[in-house]
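For reference, the chains in residue letters:
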Amino acid sequence: MTDGFPPEVPAPDEVTAPWWEATREHRLILQTCTRCSPGTQHPPRALCVRCGRGDLGWVGSEGLGTVDSFTVVHRAPRPDLTVPYVIARVRLIEGVVLLTRLRGREPDRWRVGDRVRVAWADLGDGRALPVFVPDAPSSHDTEKGS
Ligand SMILES: [Zn+2]
């Protein structure tokens, strides 16, 4: 599947290595601060965005969220990409936002606020990227015409 994958997938570094390792098992994890609050942050950083300390741990995400905004890409930025595909900001129920892809529904059928759950796009090196698919059929999946 080449709908935008692989994009410029960065190599794991000291900060992001645990996150990438979890993707090999199709687990979505989020960084959490062990000092200041039970909140989460994404993408992984060296320091807590709230208190600036480096006492960070990881928690599993439910992998559920809603579509915050999205763009249907009709013109491929590179010749090896198949269009159309959907780039989206998904807000997880944990509160963080992921820049991701939407799949599993005709691109023009997506709506802001749609409920989604995580799925995985495997990369060639054993890692995977989280993408999101409809969590439940919604009314506009069955609309006739427009
Ligand atoms: Zn903190």
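Higher on the page you've got the structure.
Residues numbered from 1 in each chain as written. Predicted model: local features only at pLDDT ≥ 70, side-chain atom pairs only at ≥ 80, totals over all residues. Heavy atoms only, no water.

J.: Sorry, what's going on with the overall build of the protein chain here?
T.: The number of helices and strands found in the protein chain is one helix and eight strands. Mapped from its N terminus to its C terminus, the protein chain presents α and β elements in the order α-β-β-β-β-β-β-β-β. Burial statistics for the protein chain: of 146 residues in total, 38% are counted as buried. Within the protein chain, contacts between residues at least 6 apart in sequence are counted, and of these 54% link residues at least 24 apart. For the protein chain, the exposed area adds up to about 8,300 Å²; of that, 52% sits on carbon and sulfur atoms. (Helix = DSSP H or I, 4+ residues; strand = E, 2+ residues; numbered from the N terminus. Buried < 20%, exposed > 50% of the residue type's maximum accessible area, 1.4 Å probe, protein only. Contact = heavy atoms within 4.5 Å. Areas by Shrake-Rupley, 256 points an atom, 1.4 Å probe, with all protein chains shown as cover.)

J.: Honestly, the nonpolar core in this entry has me stumped. Any pointers?
T.: It is characteristic of soluble globular proteins that their nonpolar side chains tend to be buried jointly. The biggest cluster of nonpolar side chains holds 23 residues, and the ones touching the most others in it are Leu-28, Val-90, Leu-92, Leu-102, Val-116 and Phe-132. Those elements that provide at least two residues to this core are α1 (17-24), β1 (29-33), β4 (64-73), β5 (85-92), β6 (97-102), β7 (115-122) and β8 (128-134). It is β5 that provides the largest number of residues to this core, a total of four residues. If we ignore the near neighbours within four places in the chain, the residues touching Val-90 are Gly-65, Thr-66, Asp-68, Val-96, Val-97, Leu-98, Thr-100, Leu-102, Val-116 and Phe-132. (Core = buried A, V, L, I, M, F, W, Y, C linked by side-chain atoms within 4.5 Å.)

J.: It is not clear to me how the packing of aromatic side chains should be interpreted in this structure. Could you clarify?
T.: The relation between two aromatic rings is expressed through the spacing of the ring centres and the mutual angle of the planes. Here the structure, examined in full by the defined rule, presents one aromatic pair. Aromatic pair Trp-19 and Trp-20: ring centres 5.0 Å apart, planes at 85 degrees, arrangement edge-to-face. The ring of Trp-110 is capped by Arg-105, whose NZ or CZ atom sits 4.6 Å from the centre of that ring. Over the ring of Trp-20 we find Arg-127; its NZ or CZ atom is 4.2 Å from the centre of that ring. (Phe/Tyr/Trp six-rings, centres within 6.5 Å; stacked < 30°, edge-to-face > 60°. Lys NZ or Arg CZ within 6 Å of the ring centre and 35° of its normal.)

J.: What's the story with the pattern of salt bridges in this structure? I'm lost.
T.: If charged atoms from side chains of opposite charge come close, those side chains can pair. Counting across every chain of the model gives ten salt bridges. Here the residues in one salt-bridge network are Asp-68, Arg-89 and Arg-91, joined through shared partners. (Salt bridge = Lys/Arg side-chain N within 4 Å of Asp/Glu carboxyl O.)

J.: I'm lost on the coordination of the zinc ion in this one. Help?
T.: For a metal with four donors in a tetrahedral arrangement, the ideal angle between donors is 109.5 degrees, while six donors in an octahedron ideally sit at 90 or 180 degrees. Donor atoms from the polypeptide that coordinate the zinc ion comprise Cys-33 (SG), Cys-36 (SG), Cys-48 (SG) and Cys-51 (SG), at 2.3 Å from the metal. Mapping the donors of the zinc ion onto the primary sequence yields the spacing C-x2-C-x11-C-x2-C. Of this pair, Cys-33 sits in strand β1 while Cys-48 is found in the loop between β2 (40-41) and β3 (56-60), placing the two residues 15 residues apart along the sequence. On the basis of relative accessible area, Cys-48 is assigned to the buried category, the value being 4%. (Donors = N, O, S within 2.8 Å, 3.2 Å for Na, K, Ca; no water.)

J.: Where do I start with the sheet that holds β1 in this structure?
T.: Sheet strands pair via backbone hydrogen bonds, and the direction of the pair is either parallel or antiparallel. Taken together, the three strands give an open sheet; going across it, the order is β2-β1-β3, and neighbouring strands pair in antiparallel fashion. The outermost strands of the open sheet, each flanked by one partner alone, are β2 and β3. As paired elements, β1 and β2 share two bridges and run antiparallel to each other. Paired with Gln-31 across the two strands is Gln-41, which belongs to β2. (Pairing = 2+ DSSP bridges.)

Bear in mind that shape data such as this cannot, by itself, settle questions of function.
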